[in-house]
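Observations on the model geometry
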Amino acid sequence: MTKTFALIGNQNSGKTTLFNRLTGSSQHVGNFPGVTVEKKSGLIRRHKEIELVDLPGIYSLSPYSSEEQVTLDFLIKEDVQCIVNIVDATNIERNLYLTLQILELGIPTVLALNMMDEVISCGNSIDVCKLEEALGIPVVPISASKNSGIDDLVDKMTETADSRKKPAKYDFCTGEVHRAIHSVAHIIEQAAVSKGIPVRFAASKIVEGDLKIFDDLGLTPAEIDIIGHITDEMEGLLGIDRESALADMRYVYIEKVCAESVARLCSTAQQQQTLKIDRWLTHRIFALPIFVGIMTLVFYLTFGLAGSFLSDAFSLLIEKIVLLTGDLMRAADVNMTIQSLVTDGILSGVGSVLSFLPTILILFFFLSVLEDTGYMARVAFVMDKLLRRIGLSGRSFVPMLIGFGCSVPAIMATRTLTSSRDRKMTIILIPFMSCSAKVPIYVLFTAAFFASGRALVMTALYFTGMLVAVLVGLVLKRFMYKGEPTPFIMELPAYRFPSPKSILLDIYGKAKDFVQRAFTIILLASVVIWLLQSFDFSFNRVDGGSTGMLAIIGSLIAPVFAPLGFGDWMSSTALITGLTAKEAVVSTFAVLTSSADNNMLIDSVRNIFTPLQAVSFMVFTLLYMPCVAALAAVRRELHSLAGASLIMLAQTTVAWIVAFMVYQTGMLLGF
Amino acid sequence: MTLDKIKAGNSARITAIAGQGPLRRRLLDMGLTPRTIINVVKLAPMGDPMILALRGYELSIRKEDAGLIAVENIRETHE
C-alpha cells in the first residue's frame, strides 16, 4: 500500500537537493492535471512504499498563482500522510510564513531545517526544541547539500505519518483576528467537514479575503453575509485591511518565535560572500559587460572548443553506425527499398537530430550551473527593464538568449519561469532568435551573393530576428496577453556552489527527454519525408529528384512563395525538408540541383536566385517555424499539440509577411 | 514618502502597502508588512528594479511596485 508524502517549501530552500537525496534516481516527472506545472515524484530510498511528491517552490498558499493553487488542491484532495516542509535556516523568518499556513491544514507535518551547516559555521544557532514547541511539530536540522540529517529526517517522517500526529498548534493569531477566525470557523464548520476542507485553514483564508474558498465551501448567502459582517468589524477595530492583518499576525508570531529560538549574531559566510560577489555582478557599470563576457564564454565553450569536438565526435559515431547498418543490410541481402528507408530515412533523419545532443547537453550543463549557483536571478534582475517593454520579465532573457544556440534547450529552459503566461509568450518568441542550425543556410547564400559583406548580412539577419521578436512581443502584449503580467518580485538567493549530483540528474533528465522525443516525433517526420522523397504518386521508386511526391507537393505549394520571390519548386521542397532539421535545406538544394560539391551548389543557387530573392529567402528561413524537434519541445512544455501547431503556423505566417515586405520593397527600390 | 524614492544605502520603515490583488498579496507574503524595516541595497544598471534587504534575505522589486509601499525614513546604514 503506497503512502504519499508531500515535499513543500520556498524556492531556493534546497528543496530539489533534498528531493534528490530522499529519492535518488527513481524520479518520475509529469505534470499536475490541467496546468502547465511540473510534478516530480519518486520513491523514498529504503522506504519504497512511500511516494514523495515534490510540490512547486512557493512562498505562500494564496489563490493567485497556479503553483499555489495546484499545491493547495493536492494537499486537500489527495490523501497525504505526511508533509515535509523544508525551511532555509539562514532565511528562517520568511520561510516560516508558509509553514504557519501549512500547519493550519491539520496534516501531520515535519519541518526540515535545511542549511544548518551554514548557520552553525558562522557561530549562529537555532534552539530546535524551542522551535518545536513554538510550532507544535517535529523539527529536524539537516544539510541537504552535505547529506547530513537525512536519515533522521526520514525516520521522523515515517514516525509522524504512522502516529498520525497532527500539528499541535495552529492558532497563531491574537486579539481581533483570533476572534474573527474562530467565529467564522463555527459558521463554516459543517460545510468544510462535508467538503473535506480543513476547517481552521478555510476560516483563516476567508478572514484573509480569499474568495475562492467561498466557492469551494458552497455556503448559503446568509452565511456569506454574516461572515462579511465579522470580517468588516474586525477591519474596523484594527484599522487595517484583512490581508495586511493576517500577514502581520503571522510575521509578528514568527518574529516572536525567532527572538526566542534563533541566535543570529552575524550573517553567514555565504551571505557575506554573496554581498562581495554582487558588488561586481550587479555593479551599476560592470554588471552588463561581465554578463556578456560570461555568456560569450558559455557559447564559445559550447560551439567552439570542447563543444564542437564532442559534437563532431558524436556525428562521426553516428556516421559509423549508419555505415555499419548499411553493410549489415547489404550482407543480409535486405530489400533495397527497406535499406534506403533505414539508412536515408530513419538513421539519417534521427541521426542528424541526435548529433545536436552534445551541444544541448553542454548548454544544459551551463544553464544548470548558472541557475543553481544563483547567478540567473542576477541576470533577470539586470535585464528586467529591457524585457518589461514587451511585457515579459528579466527571467525570460536567458531562455531567449539560448535560442541563438538551439531552440530546443531554450524552450526547455522556460520551465524556470513561474508564470505560465510568461512561459507561453517566451516560447513563442524563442524561435525568432536565429538558431545555429540555420547558419549553413546563411553561409551558402552569402557565399553565393554577398561574399564580401558576409558578416554584415549575417548580423543584419540576427538583428532582424530580434526586431521581429520585439514587434511580435508587443503585439502579443497588446492583444493576447493583456491583463496583469505576473509581478516581478524575486528573491535573490545567496550564491552557493551547486551540487554535482543535482546537475547530473538534471542533465540526465533533460537528455532522456530529448532522446525520447528524437525517437518519436522526429522518427515519424523523417520516415514521412523519406517516403515522399523516394516514391512518386504511383508508388514507383524514384531517386529523390523532381518526380518524387515531395517535389510534386513542393511545386504545388510553390505559388505561395511567389510573392516572396522564390516560387520555384526547389525552394519550397527545400523548405519542407527544413522541418526535420534546418540544415536539411542546404542538403536538399544539393540533391535537387545534383550539385556534387560546394562550388557547384553555389553556382546552382546563383542560377535559381537573384540577390534580392536570396535575401528574401534567408529572411523567411530565419523566421518560419523551427524544426520538428522544437515543435516536440513546445508540445511538451505546453501539453498541447494543437497549441504548439498553432504557434508554428503563426510563426510561419509572420515569416511570410516579413519576407513579403522585404521582397516587394526591394523590387520597388529596384534591386 | 514611498519606497521607490528611497536612495540606495538607506533604510526605511514600512507604514502601509497600497495596491490590490496578486501583487499586493505577494508583497505581504514576502514580508513587506507594516512596521518592517527594509534597506535599499542598490538599483539595477538600467535604474530599475531595486534590491531590498529585509528579514535576512534580499528581494528584487520594480520601482513601480515599490511606489505602492508607503514608508518613513530612518537613518542611513553603512555596510
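This one's a predicted model, so the numbers in the text were calculated from it and none came from an experiment. All residue numbers refer to positions counted from 1 along the written sequence of the respective chain. Numbering of ligands from 1 and lettering of chains from A proceed in the order in which they are written. In keeping with the predicted nature of the model, local features appear solely for residues at pLDDT of at least 70, side-chain atom pairs appear and are counted solely at 80 or more, and the whole-chain, interface and lining totals rest on all residues. Each side-chain value is worked out from all heavy atoms of the structure, with water and hydrogens disregarded.

Observations regarding the overall build of chain A
Rules: In this description a helix means any DSSP run of H or I spanning at least four residues, a strand means any run of E spanning at least two, and both kinds are numbered starting from the N terminus. Note on exposure labels: buried denotes an accessible area under 20% of the residue type's maximum, exposed denotes more than 50%, and partly exposed covers the range between, all computed with a 1.4 Å probe on protein chains only. In this analysis, two residues are considered to be in contact whenever any of their non-hydrogen atoms come within 4.5 Å of each other. Note that His is not counted, nor are the chain ends; the positive residues are Lys and Arg, and the negative ones are Asp and Glu. To locate a charge, take atom NZ for lysine, CZ for arginine, CG for aspartate or CD for glutamate.
What chain A contains, in helices and strands, is 30 helices and 10 strands. By its C-alpha atoms, chain A is 85 × 60 × 55 Å across when sized along the principal axes. Burial statistics for chain A: of 671 residues in total, 55% are counted as buried. By sequence separation, contacts in chain A at least 24 residues apart represent 72% of the contacts at least 6 residues apart. Each charge class in chain A was averaged separately, 55 positive and 60 negative side chains, and the resulting centres sit 4 Å apart.

As for the sheet that holds strand 1 (residues 3-9) of chain A
Residues and elements named next belong to chain A. The line we're drawing: Should DSSP find at least two bridges between two strands, the strands are regarded as paired. Every axis in this analysis is a line fitted to C-alpha atoms, fitted for helices over the stretch in contact. Angles between the N-to-C directions lie between 0 and 180 degrees.
Read across the sheet, 7 strands follow the order 2-3-4-1-5-6-8 without closing on themselves; strand pairing throughout is mixed. Across the chains shown, the open sheet's two edge strands, defined by having one partner strand only, are strand 2 (27-31) and strand 8 (139-141). For this sheet, the mean inter-axis angle between neighbouring strands, taken without regard to orientation, is 25 degrees. Note: strand 1 against strand 5 (residues 82-88), 5 bridges, orientation parallel. Across the sheet, residue Gly 9 finds its bridge partner in strand 5, namely Ile 86. Along the sheet, helix 6 (residues 150-163) contacts strand 1, strand 3 (38-44), strand 4 (47-54), strand 5, strand 6 (109-114) and strand 8; its crossing angle with strand 6, the most-contacted strand, is approximately 165 degrees.

Thoughts on the confidence of the model for chain A
The criterion, for reference: You can read pLDDT as the predictor saying how much it trusts each residue, on a scale of 0 to 100.
Averaged over all residues, the pLDDT of chain A equals 88, while 99% of them reach at least 70. Confidence, expressed as mean pLDDT per element, reaches its minimum in chain A at helix 15 (residues 336-354) of chain A with 78 and its maximum at strand 5 of chain A with 97.

Digging into the environment of Leu 43 of chain A
Residue and element names in this part refer to chain A. On the secondary structure map, Leu 43 appears in strand 3. Judged by relative accessible area, Leu 43 falls into the partly exposed class, the value being 30%. Note: C-alpha distance between Leu 43 and Ser 25 (18 residues apart in sequence) is 9.1 Å. Dropping the residues within four chain positions of it, Leu 43 is found in contact with Leu 22, Thr 23, Ser 26, Lys 48, Ile 50 and Glu 51.

Let's talk about the nonpolar core
Residue and element names in this part refer to chain A. Note the following rule: The nonpolar core is taken to be a set of buried Ala, Val, Leu, Ile, Met, Phe, Trp, Tyr and Cys residues, with the residues joined through side-chain atoms within 4.5 Å.
Among the nonpolar cores identified, the biggest contains 114 residues, and Val 408, Phe 445, Phe 589, Phe 617 and Phe 620 are the most heavily contacted of them. Here this core takes 9 residues from helix 17 (residues 375-388), the largest share from any one element. Residues in contact with Phe 620, not counting those within four places in the same chain, are Phe 561, Leu 564, Phe 566, Leu 575, Thr 652, Ala 655, Trp 656 and Ala 659.

Observations regarding the environment of Ser 11 of chain B
In this fold, Ser 11 of chain B is placed in strand 1 (residues 10-17). For the pair Ser 11 of chain B and Thr 33 of chain B, spaced 22 residues apart in the sequence, the C-alpha separation amounts to 15 Å.

So, the pairing of strand 3 (residues 50-54) of chain B
Within a regular strand, side chains alternate between the sheet's two faces. Residues and elements named next belong to chain B. Burial of strand 3 is extensive: 4 of the 5 residues sit out of reach of the surface. When strand 2 (residues 37-43) meets strand 3, the two strands line up antiparallel, connected through 4 bridges. Looking at strand 3, one finds that Lys 42 is bridged to Ile 51. Between strand 2 and strand 3, which pair antiparallel in sequence order, lie 6 residues; one of them, Gly 47, sits at a positive phi of approximately 95 degrees. As paired elements, strand 3 and strand 4 (residues 57-61) share 5 bridges and run antiparallel to each other. Across the sheet, Leu 52 pairs through a bridge with Leu 59, a residue of strand 4. Adjacent in sequence and paired antiparallel, strand 3 and strand 4 are bridged by 2 residues, among which Arg 55 carries a positive phi angle near 45 degrees.

Quick word on the interface of chain A and chain B
Where interface size is quoted, it is often the accessible area lost as the parts come together. For clarity, the threshold we go by: Buried area: the accessible area, evaluated with a 1.4 Å probe, that two parts lose upon being put together, summed over both parts. The salt bridge definition used is simple: a Lys or Arg side-chain nitrogen within 4 Å of an Asp or Glu carboxyl oxygen. Counted as a polar contact is a pair of N or O atoms within 3.5 Å, where, for protein atoms, one must be capable of donating a hydrogen and the other of accepting one, and residues adjacent in sequence contribute only when both atoms are in side chains. Note that Gly is not counted as nonpolar here; it falls among the polar residues with everything else outside the nonpolar set of Ala, Val, Leu, Ile, Met, Phe, Trp, Tyr, Cys and Pro and the charged set of Asp, Glu, Lys and Arg.
In this assembly, 46 residues from chain A lie in contact with 35 residues from chain B. If you sort the residues of chain A by the area they bury against chain B, Arg 284, Phe 381 and Ile 489 of chain A come out on top, with a joint share of 20%. There are 10 salt bridges connecting chain A and chain B. Linking Arg 25 of chain B and Glu 208 of chain A is a salt bridge whose minimum nitrogen-to-oxygen distance equals 3.6 Å. Between the two partners, chain A and chain B, sit 21 residue pairs in polar contact (both at pLDDT 80 or more). Elements represented by at least two residues in the side of chain A that touches chain B include exactly helix 3 (92-103), helix 8 (199-208), helix 11 (242-261), helix 12 (269-281), helix 17 and strand 10 (489-492) of chain A. Sort the elements by how many residues they give to the side of chain A that touches chain B and helix 17 of chain A lands first, with 8 residues. Of the residues belonging to the side of chain A that touches chain B, the class tally is 19 nonpolar, 9 polar and 18 charged. Where strand 10 of chain A and strand 4 of chain B come together, 4 bridges link them in antiparallel fashion. The partner of Met 490 of chain A across the bridge, within strand 4 of chain B, is Ser 60 of chain B.

Examining the packing of aromatic side chains
Residue and element names in this part refer to chain A. Applied cut-off: Any two rings among Phe, Tyr and Trp, with Trp reduced to its six-membered ring, count as a pair given centres within 6.5 Å; such a pair is stacked if its planes are under 30 degrees apart, edge-to-face if over 60, and tilted if neither. For a Lys NZ or an Arg CZ to count as sitting over a ring, it must be within 6 Å of the ring centre and within 35 degrees of the ring normal.
Scanning the model with the defined rule gives 22 aromatic pairs over all chains in all. On the basis of an interplanar angle of 55 degrees and a centroid distance of 5.6 Å, the ring pair of Phe 291 and Phe 397 is categorised as tilted. Taken as a pair, Phe 291 in helix 13 (residues 287-303) and Phe 397 in helix 18 (residues 397-402) lie far apart in primary sequence, 106 residues in all. Here the aromatic residues Phe 445, Phe 561, Phe 566, Phe 589, Phe 609, Phe 617, Phe 620 and Tyr 624 are joined through ring pairs into a cluster of three or more. Cation over ring: Arg 378 sits above Tyr 495, and NZ or CZ is 4.1 Å from the ring centre.

Describing helix 23 (residues 500-534) of chain A
Quick reminder of the rule: Here a helix's expected span is defined as the number of its residues, less one, multiplied by 1.5 Å. The term bend refers to the angle at a residue between two fitted axes, each drawn through seven residues, those ending there and those starting there.
Helix length check: helix 23 of chain A, at 35 residues, gives a terminal C-alpha distance of 47 Å against a target of 51 Å (1.5 Å per residue), a fit within 8%. Along helix 23 of chain A, the sharpest kink reaches roughly 35 degrees, centred on Ile 522 of chain A.

Some thoughts on the packing of helix 14 (residues 305-331) of chain A against helix 15 of chain A
All names here are of chain A. Stated precisely, the cut-off is as follows: Geometric relationships in this document are graded by angle, where less than 35 degrees denotes roughly parallel, more than 145 denotes roughly antiparallel, 65 to 115 denotes roughly perpendicular, and other angles denote oblique.
Viewed as axis vectors pointing N to C, helix 14 and helix 15 meet at an angle of 170 degrees, and their least axial separation amounts to 10 Å. As judged from the angle between their axes, helix 14 and helix 15 are roughly antiparallel. Of the residues in helix 15, those in contact with Phe 314, Ile 318, Val 322, Thr 325, Gly 326, Met 329 and Arg 330 of helix 14 are Gln 339, Val 342, Thr 343, Leu 347, Gly 351 and Leu 354. Its residues assigned to classes, the contact of helix 14 with helix 15 shows 7 nonpolar, 5 polar and 1 charged.

Examining a nonpolar patch on the surface
Residues and elements named next belong to chain A. For the record, the criterion: Residues form patches when they are more than 30% accessible in relative terms and have no salt bridge. Like charges link within 9 Å. Nonpolar side chains (Val, Leu, Ile, Met, Phe, Trp, Tyr) link within 5 Å. In these tables, accessible area is a Shrake-Rupley quantity obtained with a 1.4 Å probe, and a residue counts as shielded only by the protein chains included in the view.
A contiguous nonpolar patch, built from Leu 467, Val 470, Leu 471 and Leu 474 and spanning about 340 Å² of accessible area, is present on the exposed surface. Take Leu 471: it is sitting in helix 22 (residues 454-480). Classification of Leu 471 by relative accessible area gives partly exposed; the value is 47%.

What about the pairing of strand 3 of chain A?
Residue and element names in this part refer to chain A. Sheet topology places strand 2 next to strand 3; 5 bridges connect them, and they run antiparallel. Residue pairing in the sheet places Asn 31 in a bridge with Glu 38 of strand 3. Hairpin connection of strand 2 to strand 3: 6 residues between the antiparallel strands, including Gly 34 at a positive phi of 85 degrees. Summarising the sheet, strand 3 and strand 4 pair through 5 bridges and their orientation is antiparallel. Note that in strand 4 the partner of Gly 42 across the bridge is Leu 52. In this antiparallel pair of consecutive strands, strand 3 and strand 4, the connection spans 2 residues, and Arg 46 shows a positive phi of 65 degrees.

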